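Take a look at the letters that make up each chain.
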Amino acid sequence: DKAPLSKSLLLVPSAISILLTLLFQHYQKFFAYNLQAVKEDFQIWRLVCGRTICLDLKDTFCSSLLIYNFRIFERRYGSRKFSSFLLGAWMLSALFDLLLVEITQYIFGITINSLPSGFLSPVFALFVPFYSSIPRVQVTQVLGHFSITNKSLVYILGLQLLTSGSYIWILALSGLISGICYNSSILKVHRILCVPRWVAKIFSWTLEPVFSSAEPTNEVRVGMGATVDIQRQQRMELLDRQIMMSQVAQMRRQRQQQGGMINWNRLFPPLRHRHNANYQDHHPSEQDIPPPTEVSEEQVARLMEMGFSRGDALEALRASNNDLNVATNFLLQH
């Protein structure tokens, strides 16, 4: 939804890559990113073909997943600004590719004639705004020290893509440099390398109806979340609150029907029915009986605000060792 360019970048290059790998392998040579042919034979068209279609399915899979995650920028900034960023990063990274290859040959004496094919440098360039503008939300911790956030999976995919080829680090470095240049407005490249309005209108009239998607009807926007993931988390929290309130309303109706009493036999049998048949043979002494747990009046008030009586709230808090969440679950479920 609201990301037609991301969908086209996800579907069209992936479909062509799969067809070239499975059915038309003899055409793969036209999509090879051959720098020697570009520099010596001036085959500039190889910059377009070689830097658009992946010839390795692993790179296709990882880059497609990253484009799917980076669709948030098209939703946030619009298709024209998003396409301008990709165009600028694509053109700048082509220049940085050649510079980095020459620097590598001059310093290390390594001659690089070809680089991995595909729309890889602009994908790596998108990590720059992803790092700087997407909020970091901690999800959990591993071993108590390593934090897992909502951005960890994207970084893991980027690392997987970075280690998939021999010289893909050149594409990654050129993409990051071009992303920094474009995102920080160095030399005003965002004004020079941008998609004109008339071009954006032509594509919106012709291609956007093909790749556009209707807004999901089963998802309602809530809150003011900066990202779709945060909005979905807020939606889940709203559903939890609605379920809890419905359970509270149901408990109120049951208590009214039962005269305000709750069947505590299912909850804490030894509390209310200590002389029950299961406990007739055991008569604890006064020394064995633990002292009553002190109950916080604030937590009692919070339970009473949910509709429970003071006696039930006191009993639940004492039985749960003054744990408000456990007491609330006991009262709602029983």
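It should be emphasised that the depicted structure is a prediction, and the values quoted were computed from it without experimental measurement. (Residues numbered from 1 in each chain as written. Predicted model: local features only at pLDDT ≥ 70, side-chain atom pairs only at ≥ 80, totals over all residues. Heavy atoms only, no water.)

**Considerations on the packing of helix H6 (residues 79–108) against helix H10 (residues 168–183)**
Logical step 1: In the contact formed by H6 and H10, the axes pass within 7 Å of each other and the chain directions differ by 130°. When the interaxial angle is binned, H6 and H10 end up oblique. The handedness of the crossing between H6 and H10 comes out as right-handed. Counted together, Ser-84, Phe-85, Gly-88, Ala-89, Leu-92, Ser-93, Phe-96, Asp-97, Leu-100, Val-101 and Thr-104 of H6 and Trp-169, Ile-170, Leu-171, Leu-173, Ser-174, Gly-175, Ile-177, Ser-178, Gly-179, Cys-181 and Tyr-182 of H10 form the full contact between these two elements.
Logical step 2: Residue composition of the contact of H6 with H10, grouped by class: 13 nonpolar, eight polar and one charged. (Axes fitted to C-alpha atoms, helices over the stretch in contact; angles between N-to-C directions. Helix = DSSP H or I, 4+ residues; strand = E, 2+ residues; numbered from the N terminus. Parallel < 35°, antiparallel > 145°, perpendicular 65-115°, else oblique. Left-handed = near helix turned anticlockwise from the far one by under 90°. Contact = heavy atoms within 4.5 Å. Nonpolar A, V, L, I, M, F, W, Y, C, P; charged D, E, K, R; others polar.)

**Describing the UniProt feature "transmembrane region" (unreviewed entry) in the chain**
Logical step 1: Here the UniProt feature "transmembrane region" (unreviewed entry) sits at residues 6–24, 85–108, 114–132 and 153–177.
Logical step 2: End C-alpha atoms of residues 85–108 are separated by 32 Å, and the span's content is 100% helix alongside 0% strand.
Logical step 3: The straight-line gap between the two end C-alpha atoms of residues 153–177 is 22 Å; of that span, 80% is helix and 0% is strand. (UniProt positions renumbered as here; feature names shortened; annotations may be inferred.)

**Examining the side chain of Arg-71**
Logical step 1: Position of Arg-71 among the secondary structure elements: in helix H5 (residues 71–77).
Logical step 2: When residues no more than four places from it in sequence are discounted, the contact partners of Arg-71 are Ala-3 and Ser-6.

**A closer look at helix H4 (residues 57–69)**
Logical step 1: For H4, which comprises 13 residues, the first-to-last C-alpha distance of 18 Å matches the rise-based estimate of 18 Å (1.5 Å per residue) to within 8%.
Logical step 2: Of all the residues in H4, the buried ones are Asp-59, Thr-60, Cys-62, Ser-63, Ser-64, Leu-66 and Ile-67.
Logical step 3: Looking at the buried side of H4, the elements it contacts are helix H1 (4–22), H5, helix H7 (121–125), helix H8 (127–133) and helix H9 (152–162).
Logical step 4: The backbone nitrogen of Lys-58 has a side-chain oxygen 3.1 Å away, supplied by the residue at the start of H4, namely Asp-56. (Expected span 1.5 Å × (residues − 1). Buried < 20%, exposed > 50% of the residue type's maximum accessible area, 1.4 Å probe, protein only. Polar contact = N/O pair within 3.5 Å; in protein donor to acceptor, adjacent residues only side chain to side chain.)

**Topic: the pattern of salt bridges**
Logical step 1: Scanning the model with the defined rule gives four salt bridges in all.
Logical step 2: A salt bridge links Lys-39 to Glu-102, with the shortest nitrogen-to-oxygen separation between them at 3.2 Å. Of the two residues, Lys-39 is situated in helix H2 (residues 35–40) and Glu-102 in helix H6; the sequence distance between them amounts to 63 residues.
Logical step 3: For Lys-39, a relative accessible area of 36% puts it in the partly exposed group.
Logical step 4: By relative accessible area, Glu-102 is classed as partly exposed at 38%. (Salt bridge = Lys/Arg side-chain N within 4 Å of Asp/Glu carboxyl O.)

**Re the confidence of the model for the chain**
In low-pLDDT segments, the atomic positions of the prediction should not be examined closely.
Logical step 1: For the chain, the mean per-residue pLDDT works out to 79, and 74% of the residues sit at or above 70.
Logical step 2: Confidence scores differ between elements of the chain, with helix H15 (residues 269–272) showing the lowest mean pLDDT of 43 and H7 the highest of 95.
Logical step 3: Counting interchain partners and residues more than four positions distant, the pLDDT-below-50 stretch residues 219–223 has 13 contacts.
Logical step 4: Confidence drops under pLDDT 50 across residues 261–288; counting only partners more than four residues distant or on other chains, this segment forms 32 contacts. (pLDDT = per-residue confidence, 0-100.)

**A closer look at the nonpolar core**
Logical step 1: Ranked by internal contacts, the top residues of the largest apolar core, which has 43 residues, are Leu-66, Phe-70, Phe-73 and Leu-115.
Logical step 2: Looking at this core, the elements that each hand over two or more residues are H2, H4, H5, H6, H7, H8, H9 and H10.
Logical step 3: Once you skip the residues sitting within four places of it in the chain, Leu-115 turns out to touch Tyr-33, Leu-35, Asp-97, Val-101, Tyr-167, Ile-170 and Leu-171.
Logical step 4: Formed by twelve residues, the second largest nonpolar core is a distinct cluster that contains Val-300, Phe-308, Ala-316 and Leu-331. (Core = buried A, V, L, I, M, F, W, Y, C linked by side-chain atoms within 4.5 Å.)

**Focus: the packing of H4 against H9**
Logical step 1: Running from amino to carboxyl end, H4 crosses H9 at an angle of 150°, the nearest separation of the two axes being 10 Å. One way to sum up the angle between H4 and H9 is to call them roughly antiparallel. Between H4 and H9 lies a crossing whose hand is left-handed. Counted together, Asp-59, Cys-62, Leu-65, Leu-66 and Asn-69 of H4 and Val-154, Leu-157, Gly-158, Gln-160 and Leu-161 of H9 form the full contact between these two elements.
Logical step 2: A class-by-class count of the residues in the contact of H4 with H9 yields six nonpolar, three polar and one charged.

**A look at the packing of aromatic side chains**
Logical step 1: Inspection of the entire model under this criterion finds eleven aromatic pairs.
Logical step 2: Arranged with centres 5.6 Å apart and planes meeting at 75°, the rings of Phe-130 and Tyr-155 form a pair that is edge-to-face. Placement of Phe-130 in helix H8 and of Tyr-155 in helix H9 is noted, with a sequence separation of 25 residues between them.
Logical step 3: For Phe-130, a relative accessible area of 5% translates into the label buried.
Logical step 4: We classify Tyr-155 as partly exposed; its relative accessible area is 33%.
Logical step 5: Clustering of aromatic rings is evident, with ring pairs tying together Phe-70, Phe-73, Tyr-77, Phe-124, Phe-127, Phe-130 and Tyr-155.
Logical step 6: Over the aromatic face of Trp-90 sits the side chain of Arg-51, whose NZ or CZ is 5.1 Å from the ring centroid.
Logical step 7: If you follow Lys-151 out to its NZ or CZ, it ends over the ring of Phe-130, 5.0 Å from the centre. (Phe/Tyr/Trp six-rings, centres within 6.5 Å; stacked < 30°, edge-to-face > 60°. Lys NZ or Arg CZ within 6 Å of the ring centre and 35° of its normal.)

**Concerning the environment of Ser-8**
Logical step 1: Within the secondary structure layout, Ser-8 lies in helix H1.
Logical step 2: Between the alpha carbons of Ser-8 and Ser-212 there is a distance of 9.2 Å; along the sequence they are 204 residues apart.
Logical step 3: In contact with Ser-8, not counting residues within four places along its chain, are Pro-13 and Phe-211.

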